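A closer look at the structure
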Amino acid sequence: MTVLDENLYWRIAGDRAPSGEIILHCTVKKWTHSVYKALMSTVCQLQMRIKETLYAPWMSKKQEKFLCMMGFYPTDKFMLGIDGNTYQLFRFEVH
C-alpha cells in the first residue's frame with residue numbers, strides 16, 4: 001500500500017486489487033465541513049494525477065454513506081479481501 005496524501009486531517013493510501021483496479025483507503029482524523037471540501041478536492045486531484053478509475057470496497061453502511069458523499073457509486077465489481085471476504089467495489093466519479 002502506498003500513501004498518496006496525508007496531513008493533520010486525513011490519510012489516503014492506495015493499492016491494486018488482484019484484478020488491477022486501484023483501491024483507495026482513507027482514514028479521516030478530524031471531520032468538519034471544510035475538511036470534507038478539501039478532501040473532495042484532493043480525491044479529484046488524485047484521480048486526475050493517476051489517470052485511472054479509483055475504487056473503494058464496501059465495508060459498512062456508515063462507510064457507504066461516506067463513499068456516496070465523496071462521489072463514489074456502487075458497481076457490479078467485487079474483490080476478494082486479504083481476510084477472505086468478498087467486497088463490492090464503489091467507483092469514483094467526479095461530480
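An account of the accompanying structure is given in this report. Nothing here was measured: the structure is a model prediction, and the numbers come from that model. (Residues numbered from 1 in each chain as written. Predicted model: local features only at pLDDT ≥ 70, side-chain atom pairs only at ≥ 80, totals over all residues. Heavy atoms only, no water.)

Re the pattern of salt bridges
According to the stated counting rule, one finds 5 salt bridges in the structure shown. Between Glu52 and Arg16 there is a salt bridge, with its nearest N and O atoms 2.7 Å apart. With Glu52 in the loop between α1 (33-50) and β4 (54-57) and Arg16 in strand β2 (residues 10-16), this pair connects stretches of sequence that are 36 residues apart. For Arg16, a relative accessible area of 48% gives the class partly exposed. The salt bridge involving Lys77 is made with Glu21; its shortest N-O contact spans 3.3 Å. With Lys77 in strand β5 (residues 72-80) and Glu21 in the loop between β2 and β3 (22-28), this pair connects stretches of sequence that are 56 residues apart. Under the relative-accessibility criterion, Lys77 is labelled partly exposed at 35%. Each of the salt bridges in this network shares a partner with another, and the network as a whole consists of Glu6, Arg11 and Lys29. (Salt bridge = Lys/Arg side-chain N within 4 Å of Asp/Glu carboxyl O. Helix = DSSP H or I, 4+ residues; strand = E, 2+ residues; numbered from the N terminus. Buried < 20%, exposed > 50% of the residue type's maximum accessible area, 1.4 Å probe, protein only.)

Description of α1
In this model, α1 (18 residues) spans 26 Å end to end at C-alpha, consistent with the 26 Å of a helix rising 1.5 Å per residue. Residues of α1 that are buried: Val35, Tyr36, Leu39, Met40, Thr42, Val43, Cys44, Leu46 and Gln47. Packing partners of the buried residues in α1 comprise β1 (2-6), β2, β3, β4, α2 (61-69) and β6 (86-92). Immediately downstream of α1, the backbone of Lys51 shows phi near 60°, a positive value. (Expected span 1.5 Å × (residues − 1). Contact = heavy atoms within 4.5 Å.)

A word on the sheet that holds β3
On the basis of which strands lie adjacent, the open sheet formed by 6 strands has the order β1-β2-β3-β4-β6-β5 and mixed pairing. Edge positions in the sheet fall to β1 and β5, since each has one partner strand and no second. For this sheet, the mean angle separating the axes of adjacent strands, direction not counted, is 35°. Where β1 meets β2, 4 bridges bridge the pair, whose relative direction is antiparallel. Paired with Val3 across the bridge in β2 is Ala13. Strands β1, β2, β3, β4 and β6 of the sheet are contacted by α1, whose axis makes an angle of about 30° with β2. (Pairing = 2+ DSSP bridges. Axes fitted to C-alpha atoms, helices over the stretch in contact; angles between N-to-C directions.)

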